[in-house]
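Structural overview
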Amino acid sequence: MNKNIVVIEGDGIGPEVTRQSIKILNAVAEKFGHEFNYTYCLMGADAIDKTGNPLPDETIEAALNSDAILFGAIGHPKYDNDPTAKVRPEQGLLKLRKSLQLFANIRPVSTYPSLHHLSPLKTKNIEDVDFIIYRELTGGIYFGKKETNAEGTLAFDDCTYTKEEIERIAHLAFKQAQLRRKKLTLVDKANVLETSRLWRKVVKEIALEYKDVDVDFLFVDNAAMQIILNPKQFDVVLTENMFGDIISDEASVISGSLGLLPSASIGKGAALFEPIHGSYPQAAGKDIANPLGSILSSAMLLDHFGLHKEATLIRDAVNWTLENGFVTKDIDPVNFYFTTTIGELISDYIGNKFPADINRENIELRKSTII
Ligand code: IPM
Ligand code: MG
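What comes next is a walk through the structure. Note that the structure is predicted; figures quoted are calculated from it, not measured.

Concerning the nonpolar core
Core analysis: the biggest nonpolar cluster contains 86 residues, and Leu-238 and Leu-302 have the highest contact counts within it. Looking at which domains feed residues into this core, each of domain 1 (1-111 + 256-371) and domain 2 (120-254) supplies at least three. Excluding residues within four positions of it along the chain, Leu-238 makes contact with Tyr-134, Ile-169, Ala-170, Ala-173, Leu-184, Thr-185, Leu-186, Val-187, Trp-199 and Val-203. In this structure, Val-6, Leu-55, Ala-270 and Leu-272 belong to the second largest nonpolar core, which totals 17 residues.

Section: the environment of Leu-301
Among the structural elements, Leu-301 can be located in helix H11 (residues 292-304). On the basis of relative accessible area, Leu-301 is assigned to the buried category, the value being 0%. Distance from Leu-301 to Ala-311, taken between C-alpha atoms, is 8.1 Å for residues 10 residues apart in sequence. Sequence-distant contacts of Leu-301, defined by excluding residues within four places in its chain, comprise Ile-5, Ala-68, Ile-69, Leu-70 and Phe-273.

Side note on the sheet that holds strand E1 (residues 2-10)
Sheet architecture is open: 10 strands sit in the order E2-E1-E3-E12-E11-E4-E5-E10-E8-E9, paired in mixed fashion. Pairing within the sheet leaves two strands with one partner each, and these edge strands are strand E2 (35-40) and strand E9 (214-219). Across the sheet, the mean angle separating the axes of adjacent strands is 25 degrees when strand polarity is ignored. Across three bridges, the pairing between strand E4 (residues 104-110) and strand E11 (residues 262-266) is antiparallel. Residue pairing across strands places Asn-105 opposite Ser-265, the latter belonging to E11. The strands that helix H8 (residues 194-207) touches are strand E5 (130-136), strand E8 (183-188), E9 and strand E10 (236-239); relative to E9, the one it contacts most, it runs at about 175 degrees. In the packing of helix H9 (residues 220-229) onto the sheet, contacts are made with E8 and E9, and the angle to E9 comes to roughly 105 degrees.

Observations concerning the pairing of E11
With respect to burial, E11 is a largely interior element, five of its five residues being buried. Residue alternation in E11 divides its side chains into two sets, Pro-262, Ala-264 and Ile-266 and Ser-263 and Ser-265, and both sets are buried. For E11 and strand E12 (residues 271-275), the ladder comprises four bridges, and the chain directions are antiparallel. By the bridge assignment, Ser-265 is partnered in E12 with Leu-272. Where E11 folds back onto E12 in an antiparallel hairpin, the turn is made up of four residues.

About the criteria used
- Residues numbered from 1 in each chain as written.
- Chains lettered and ligands numbered in written order.
- Predicted model: local features only at pLDDT ≥ 70, side-chain atom pairs only at ≥ 80, totals over all residues.
- Heavy atoms only, no water.
- Core = buried A, V, L, I, M, F, W, Y, C linked by side-chain atoms within 4.5 Å.
- Buried < 20%, exposed > 50% of the residue type's maximum accessible area, 1.4 Å probe, protein only.
- Domains from an automatic or database assignment.
- Contact = heavy atoms within 4.5 Å.
- Helix = DSSP H or I, 4+ residues; strand = E, 2+ residues; numbered from the N terminus.
- Pairing = 2+ DSSP bridges.
- Axes fitted to C-alpha atoms, helices over the stretch in contact; angles between N-to-C directions.

See the structure below:
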């Protein structure tokens, strides 16, 4: 298979984690006889520094003409701490989502037995947690009219949804539920918000077409609590843009590290794949960031191309590193391996170098030494 992938390394730890994914995609290409061509493009604070624009036109153009986009991370503290900044890195990502009509953001949440001890939740509550969040990504309060008055004393952000915007993601979520445990939970705030009442009405109508799927409804405040109290109850969670942003960060810590979660944003054309973590500027350039969120995002990218065997091999390799204690500093602050080492181990695994002839001594040489 021959595919064109746009790579946007982005800000902070984005470049170093994305480079591990490229190593692994190259190992997959070699093993299975595929050809992946990469076009590197700018977005975010990096793009502002180099061009003054968080999303240069060339990036949009290349993304529109690609088969998929692999993206690292976005954001820089110099903008976060300056509410008056007119140009912000995040505007680049929002504009890219809109330009590519990436209306569905898919975030799978699962746990790994070897990391249970790192979860803020009790092990008995997180064993076998396996759910997937379908977050609407191009509507709602993120994209409504926003304004601050001349005196700077009043501001507003409009939240609007149309029936069509709700329908297209709801169908994807119901279809996913049919392939899984056949349960869909709509998270909204229908006791207060008009947009949420529209979501409920439209989802109830669509549910009639998916009679094999059980549907339930949760207010977002209750959902935030249930994700902590009993995350096993969820299968497919469907929600609007801002609620999805918030509950997906909440859900991401269940596994024990935010650094592990991948995501896919899909729409009408090319899809975008990115870890859900941020740019983690404090770790940038130190070779300590966890590349697994990005690596698992590239597995989702391969699934999107229909390359399921290849994607499964990446997931097996990731499990193998976790089970054998080859982990980054977020997981083991004392005995940790570098970002680049994890990338090498996983690409070696894919190239059949492990586990048959695993040479621990060689691997140990690639480990950090804390004195
Ligand atoms: C995410 C991020 C983005 C969002 C930011 C960086 C604009 O938090 O992808 O969840 O809010 O959508
Ligand atoms: Mg977020």
